[in-house]
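# Working through the structure, step by step
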Amino acid sequence: MEALDTLAGAFRLDPRNPQAHYQRATIFMTLDRPEDALSELEKVRSAAPKEASVHFNMGKVHKRLGQPAKAMRCFLTALDLDPKDNNLIKAAMDRLDEPDVEEEVSVF
């Protein structure tokens, strides 16, 4: 895939670039590769542990993987880090019991 090839160049320049890892997570979710997306998001979380959108998206990935308890923990962390986006996060929490729909990693 062309986008992954483009990111490969970014990783050659800076292998720990959190923005490139975040973009790769987005691509992996689009390709229905949630395990790979989670791995990328964990790298981003290590670089930016207080970034609510990372925790929120990790919650969405855990939901897709059928791990509602882990998803809830991620959503709660996101809510603690960024309470102003509580409607979006609470809506995701309310949908934990619903069947997963194709959701991409997003920025709020």
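A brief structural summary. Remember, it's a predicted structure, so these values are computed and weren't measured experimentally. (Residues numbered from 1 in each chain as written. Predicted model: local features only at pLDDT ≥ 70, side-chain atom pairs only at ≥ 80, totals over all residues. Heavy atoms only, no water.)

### Describing the overall build of the chain
Along the backbone of the chain there are 6 helices and 0 strands. Beginning at the N terminus, the succession of helices and strands in the chain can be written as α-α-α-α-α-α. (Helix = DSSP H or I, 4+ residues; strand = E, 2+ residues; numbered from the N terminus.)

### Here's the deal with the nonpolar core
Y22, A25, F28, M29, A37, L38, L41, V44, V54, M58, V61 and C74 form the largest nonpolar core, which has 12 residues in total. Counting only elements with at least two residues in this core, the list comes to α2 (18–30), α3 (34–47) and α4 (52–64). In this view, M58 contacts L38, L41, E42, R45 and C74; residues no more than four positions away in its chain are not counted. In terms of nonpolar packing, the next biggest core, distinct from the first, is built from 10 residues, F56, A71, I89 and A92 among them. (Core = buried A, V, L, I, M, F, W, Y, C linked by side-chain atoms within 4.5 Å. Buried < 20%, exposed > 50% of the residue type's maximum accessible area, 1.4 Å probe, protein only. Contact = heavy atoms within 4.5 Å.)

### Here's the deal with the pattern of salt bridges
Here the structure, examined in full by the defined rule, presents 5 salt bridges. Between E40 and R24 there is a salt bridge whose closest N-O contact spans 3.2 Å. Of this pair, E40 sits in helix α3 while R24 sits in helix α2, and the two are 16 residues apart along the sequence. We classify E40 as buried; its relative accessible area is 5%. Between E40 and K43 there is a salt bridge whose closest N-O contact spans 3.6 Å. In this pair, E40 and K43 both sit in helix α3, 3 residues apart, roughly one turn of the helix. When salt bridges with common partners are traced through the structure, they connect R24, E40 and K43 into a single cluster. (Salt bridge = Lys/Arg side-chain N within 4 Å of Asp/Glu carboxyl O.)

### So, helix α6 (residues 86–94)
Within α6, burial applies to I89, A92 and M93. Seen along its axis, α6 keeps its buried residues to an arc of 100°; they face one direction. Relative to its buried face, α6 has exposed residues pointing more than 90 degrees away, namely N87 and D94. (Arc of directions from axis to C-beta.)

### A short note on the packing of aromatic side chains
Per the stated rule, a full pass over the model turns up 1 aromatic pair. Pairing F56 with F75 gives two aromatic rings, centres 5.6 Å apart and planes at 45°, and the pair type is tilted. Here F56, found in helix α4, pairs with F75, found in helix α5 (residues 68–81); they are 19 residues apart in sequence, far enough to count as distant. (Phe/Tyr/Trp six-rings, centres within 6.5 Å; stacked < 30°, edge-to-face > 60°.)

### Observations regarding unusual backbone geometry
Despite not being glycine, D32 shows a phi value in the positive range, around 55°. Following the sequence through the fold, D32 ends up in the loop between α2 and α3.

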